[in-house]
Amino acid sequence: MQASKPPSPLRLFLFFARISAVTLGGGYVLVPVIARGLERKGWMEEKDFFSLFGAAQSLPGPIGLNAALFAGRALAGLPGLFASALGVLVPPFAAILLVSEAIGVVAAQKQARAFLDGAFAVVPGLVAALLWRMIRTRAWNPGRVVLALAAAAAMILAPGWAPAFFFAAAALGWFVETPGTKA
Amino acid sequence: MIELVLSFLKLGAVSYGGGWTIVGLIRTEVLRQGWLDEGAFRDLVAIAQVTPGPVALNAATLVGHKVGGLAGSALATLSVVTVPILASLALGALISRLGPRGNRFREALRSGTFGLLAMTVWAFAPEAARDPFAAGLALGAFGLAAFTKANPVLLILGAGALKLLASFVLA
C-alpha cells in the first residue's frame, strides 16, 4: 500500500468525531472501527495501530480515548493528540447534553422506562463477561491469584477505598512480578 | 463543584483497562456524595450505554449535568480525561520503549483492574436481578458476550427491546 501524506490535526479531529458520533457501546466497539478506518485512509496499517493500542492499554483512561490519543500523536504529534482527543470527546458530549434535557421526561414514560430497564439489566452480565475474558487470557501464578482476589475482596467490602486499594495492589504487584515477567 | 472535579480526577486516574472498570466506582462515588439515588443512577448508566461514545465518559458528563448543569458536565468530562491525557503525554512515548519492564509495569497494574471489575459486577448484580426476567437478560448477556463474538451493542439494544416487548405482553 502506498503511504499517503500524514493527516492534518483538523482531518484527525473530523475522522475521530465522525466515528465517535455514530458508534454506540464504547471502547470495545470503537477500537476495531478506528483500526479499519485508519487503514482505509492509508494513514496507518492495522498491525501498527494494534501495537500502539497495546501500549495505550497500559495507561489509565477509556480505551477508545486512549487509542485516539496514541494514534493522533503517532500521526501528527501533539496537535494530533489533542485534535484526536477532542474528536472523541465532542460528539458524545453534545449528544448527552441534548439527552440530559429530556431525561426526566423520557424516563417517566412507561415504554422508555421498560427499554432502559432492559438495557441496564445486561450491565453486570457484560462486565462479568469482560472480567471472564480477562481471567481466561491472563497467565496466572500464585502471586497474581492472591493479589487479584485480595483486591476484589477489599474493594467489595470497602468500595469507598477502592482507588487506594487499586494503587496498593499495583505497588504490591510490582514486587510480585519478577523483572523478567511475561505479559 | 470542587468535589465533582476531585472525584472525577480520581476516577480517571484508576481507569486502567478501560472505562468499564470505573463504572462501579462512579456509582460508589455518586451515592456517597448524594448526587443521585440508586434508581436515577441506574437510568443514567442505561442512557450512557445507548448514547454514542465511551460509557464512562458519558456517565461522567451525565453526572456532571445533574450536579451543575452545563458547567458541571464540562467540568466532570474534562476532569475524568485529565489524568489519561497527561499520562499519555508524559508516558506515551516511554511506555512503548520499556520492553520487559513495561510488561512488569502492566502486570502490576492488572490485579487491581480485576478488583475494580469484580466490584462493578457485585454492585450492579442485585439491581439487575430485581426480577427473574432482568436476571435472565443479565445471564444471557454474560453467556453471549463471554462465549461468542456477539456485538455488545446488539445485546444492549436487544435486551431493551425484549423488556419493552415483555411490558406489552404482561400488561
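Above: the structure in question.
Residues numbered from 1 in each chain as written. Chains lettered and ligands numbered in written order. Predicted model: local features only at pLDDT ≥ 70, side-chain atom pairs only at ≥ 80, totals over all residues. Heavy atoms only, no water.

### Some details on the overall build of chain A
Thought 1: On a plain count of helices and strands, chain A comes out with 8 helices and 0 strands.
Thought 2: Relative to its length of 183 residues, chain A is extended, with a C-alpha radius of gyration of 20 Å against a globular reference of 16 Å.
Thought 3: Projecting the C-alpha coordinates of chain A onto the three principal axes gives extents of approximately 55 × 50 × 25 Å.
Thought 4: Expressed as a percentage of the 183 residues in chain A, the buried residues total 51%.
Thought 5: Within chain A, counting contacts between residues at least 6 apart in sequence, those at least 24 apart form 52% of the total.
Thought 6: Of the roughly 8,500 Å² of accessible surface on chain A, 70% is carried by carbon and sulfur atoms.
Thought 7: Charged side chains in chain A number 15 positive and 7 negative. The centres of these two groups are separated by 1 Å. (Helix = DSSP H or I, 4+ residues; strand = E, 2+ residues; numbered from the N terminus. Rg over C-alpha atoms; globule rule 2.2 N^0.38 Å. Buried < 20%, exposed > 50% of the residue type's maximum accessible area, 1.4 Å probe, protein only. Contact = heavy atoms within 4.5 Å. Areas by Shrake-Rupley, 256 points an atom, 1.4 Å probe, with all protein chains shown as cover. Lys, Arg positive; Asp, Glu negative; His and termini not counted. Charge placed at Lys NZ, Arg CZ, Asp CG, Glu CD.)

### Considerations on the packing of helix H6 (residues 123-137) of chain A against helix H6 (residues 132-147) of chain B
Thought 1: Remark: H6(A) packs on H6(B), axes separated minimally by 8 Å, with the N-to-C direction vectors making an angle of 35 degrees. Relative to H6(B), the crossing made by H6(A) is right-handed. Along the contact surface, H6(A) presents A:Gly125, A:Leu126, A:Ala128, A:Ala129, A:Trp132, A:Arg133 and A:Arg136, while H6(B) presents B:Ala138, B:Ala141, B:Phe142, B:Ala145, B:Ala146 and B:Phe147.
Thought 2: Of the residues contributing to the contact of H6(A) with H6(B), the split by class is 10 nonpolar, 1 polar and 2 charged. (Axes fitted to C-alpha atoms, helices over the stretch in contact; angles between N-to-C directions. Left-handed = near helix turned anticlockwise from the far one by under 90°. Nonpolar A, V, L, I, M, F, W, Y, C, P; charged D, E, K, R; others polar.)

### Quick notes on the interface of chain A and chain B
Thought 1: Contact residues are listed per partner, giving 91 residues for chain A and 96 residues for chain B.
Thought 2: In this assembly, chain A and chain B are joined by 3 salt bridges.
Thought 3: Residues B:Asp43 and A:Arg113 are paired through a salt bridge, measuring 2.5 Å at the closest nitrogen-oxygen approach.
Thought 4: Counting across the chain A and chain B interface gives 13 residue pairs in polar contact (both at pLDDT 80 or more).
Thought 5: Among the elements that take part in the side of chain A that touches chain B, helix H4 (residues 63-108) of chain A stands out by supplying 22 residues, more than any other.
Thought 6: By residue class, the composition of the side of chain A that touches chain B is 63 nonpolar, 17 polar and 11 charged. (Salt bridge = Lys/Arg side-chain N within 4 Å of Asp/Glu carboxyl O. Polar contact = N/O pair within 3.5 Å; in protein donor to acceptor, adjacent residues only side chain to side chain.)

### What about helix H8 (residues 162-176) of chain A?
Residues and elements named next belong to chain A.
Thought 1: With 15 residues, H8 should reach 21 Å at 1.5 Å per residue; the first-to-last C-alpha distance of 20 Å fits that figure.
Thought 2: Those residues of H8 lying buried are Ala162, Pro163, Phe166, Ala169, Ala170 and Gly173. The arc that holds the buried residues of H8, viewed along the axis, is 120 degrees, so those residues lie on one side. (Expected span 1.5 Å × (residues − 1). Arc of directions from axis to C-beta.)

### Structural notes on a positive patch on the surface
All names here are of chain A.
Thought 1: Among the surface-exposed residues, Lys5, Arg11, Arg18, Arg36, Arg40 and Lys41 lie close enough to one another that they form a single positively charged patch.
Thought 2: Put simply, the parts of the chain that give the positive patch at least two residues each are helix H1 (9-22) and helix H2 (27-41).
Thought 3: No other element matches the 3 residues that H2 contributes to the positive patch.
Thought 4: Within the element layout of this structure, Arg11 appears in helix H1.
Thought 5: Taking the relative accessible area as the measure of exposure, Arg11 reaches 47% and is therefore partly exposed. (Patch = residues over 30% accessible without salt bridge, like charges linked within 9 Å, V, L, I, M, F, W, Y side chains within 5 Å.)

### Description of the environment of A:Val146
Residue and element names in this part refer to chain A.
Thought 1: Note that Val146 resides in helix H7 (residues 142-157).
Thought 2: On the accessibility criterion, Val146 (55% relative accessible area) is exposed.
Thought 3: Through-space distance from the C-alpha of Val146 to that of Ala74 is 38 Å; in sequence the pair is 72 residues apart.

Everything listed is a geometric property; what it means functionally is a separate question.
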